Every structure is written in structure tokens, then in C-alpha cells.
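Working through the structure, step by step
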Amino acid sequence: MAQVFIGLGSNLSDPVRQLKRAIEHLKLLEKTSVVTCSSFYCSKPQGPQDQPDFVNAVCLLETLLSPECLLLALQEIERTQGRIKQRHWGERLIDLDILLFDDCVISLPHLTIPHSEIPHRDFVLIPLSEIAPDTVVPSMGTVTSLIAQLDNSYLYSIQS
Ligand code: ROI
């Protein structure tokens, strides 16, 4: 079983509801179980500021799926929920990112693991540290050291 961390984000159509729906969809994935999920966090947008604030969370999955199959399954969940992606770094109904897949390092045109934005996103690192404080991000360092080096802060409150 691979241990996989997924980042969840939404800033449209009742973001808390969108995250809860996405977690229900994750629970239905074949050969996969949802081990735990962080609290929901509110954050200011990274990117254009003329969009609603986000709700973010991180879930830990265990899966027998390959990274590629899991990516396709996550894209299918995004489609099912009605992904709206109009502009680069713009608003979205639901975004599901593979953050870490065991200690794999993958660099493909459509799939980069670890997710390259991890060191710049407190809305990923703080929920990740809530559920797995001892995590090491391959080639980037420990979650604790990455939090200490954050260059920006987007988070402003915990939602649930
Ligand atoms: N900003 C925040 N705060 N949370 C996100 O999940 C998020 N996702 C994105 C962009 C648009 C880059 N900004 C974000 O994809």
C-alpha cells in the first residue's frame, strides 16, 4: 500500500460542501482507503486577488493504484463535481492535487511529485503537519523545516 497525501482546495459554490463531497468521492475510490483528513482551513488566494477566499485541507490515503491511475481518478472526481477552471491560478470548484506519493519523485509533463508548490503554500504545509508532522518531502526537507522557511502566508482561520 502506498501512502499518499492529497491537497484539497475550493473557492466556489460553498467550498466546505465541495471539500466534503470530494472526501466522500475519495472514500469510494477502488483499491484505496482514506486514512485521515486534516481540519478545513480558510486562506486568501495565492494568485489573482479578485477571487473568493479558499477552503483547504489535506487527506492521507492508502492506495494500491499507481500515481498515474490515481491522477486519472482524481481528475474524474474533479469532473464529476463540475470543475470550473477559467484562468491560470484562478477560481475553482474543487482542486485535488497529489502532494506526495510515498517517497516517489516523479517528473512528467502532466505529473510532478512532490507537488512543486509545497514549499510556498502554508495552506498545504499546515494541514499536512496537523495530520503527519514527521513527514519528509523528498528533495525538499521536513515539513517542519519547510514551515519555518515559508515566504508567504495565506491562512487566516481554521474552519472545522
Ligand atoms: N490559493 C489558496 N489559498 N488555496 C488554494 O487551494 C489555491 N489553489 C490554487 C491557486 C489558484 C494557485 N491559489 C490557491 O490553484
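This text follows the structure it describes.
Now for a quick tour of the structure. It should be emphasised that the depicted structure is a prediction, and the values quoted were computed from it without experimental measurement.

With respect to spatial proximity, 13 residues lie near the ligand, and among them S43, K44, Q46, N56 and R92 are the closest. Contacts to the ligand include K44, whose backbone N or O atom sits 2.8 Å from a nitrogen atom. At a separation of 2.8 Å, a nitrogen atom of the ligand approaches a polar backbone atom of Q46. When the residues that make up the shell around the ligand are grouped by side-chain class, the tally is four nonpolar, five polar and four charged.

Our focus in this paragraph is the environment of V137. Tracing the backbone shows V137 in strand β8 (residues 136-137). Residue classification places V137 among the buried positions, given a relative accessible area of 0%. Residues V137 and H115 lie 22 residues apart in sequence; the distance between their C-alpha atoms is 9.5 Å. Other than its neighbours up to four places away in sequence, V137 contacts L100, P114, I118, V143 and L146.

Turning our eyes to something else, we now look at helix α1 (residues 15-27). With 13 residues, α1 extends 18 Å between its outermost C-alpha atoms, agreeing within 8% with the 18 Å of an ideal straight helix rising 1.5 Å per residue. Among the residues of α1, P15, V16, Q18, L19, A22, I23 and L26 are the ones counted as buried. End-on view of α1: buried residues confined to an arc of 160 degrees, all on one side of the axis. Contacts from the buried residues of α1 go to β1 (2-10), β2 (32-37), β4 (54-63), α2 (67-81) and β5 (95-101).

Now for the nonpolar core. Formed by 28 residues in total, the largest nonpolar core has its most connected members in V4, I6, L8, L26, L70, L96 and I98. Those elements that place two or more of their residues in this core are β1, α1, β4, α2, β5 and β7 (111-113). When near neighbours in sequence (up to four residues on either side) are disregarded, L8 contacts L19, A22, I23, L26, V55, N56, A57, V58, C59, D95 and L96. Core analysis: the second largest hydrophobic core is formed by 16 residues, L99, L100, F123 and L125 among them.

So, how was this worked out
Residues numbered from 1 in each chain as written. Predicted model: local features only at pLDDT ≥ 70, side-chain atom pairs only at ≥ 80, totals over all residues. Heavy atoms only, no water. Near = heavy atom within 4 Å. Polar contact = N/O pair within 3.5 Å; in protein donor to acceptor, adjacent residues only side chain to side chain. Nonpolar A, V, L, I, M, F, W, Y, C, P; charged D, E, K, R; others polar. Helix = DSSP H or I, 4+ residues; strand = E, 2+ residues; numbered from the N terminus. Buried < 20%, exposed > 50% of the residue type's maximum accessible area, 1.4 Å probe, protein only. Contact = heavy atoms within 4.5 Å. Expected span 1.5 Å × (residues − 1). Arc of directions from axis to C-beta. Core = buried A, V, L, I, M, F, W, Y, C linked by side-chain atoms within 4.5 Å.

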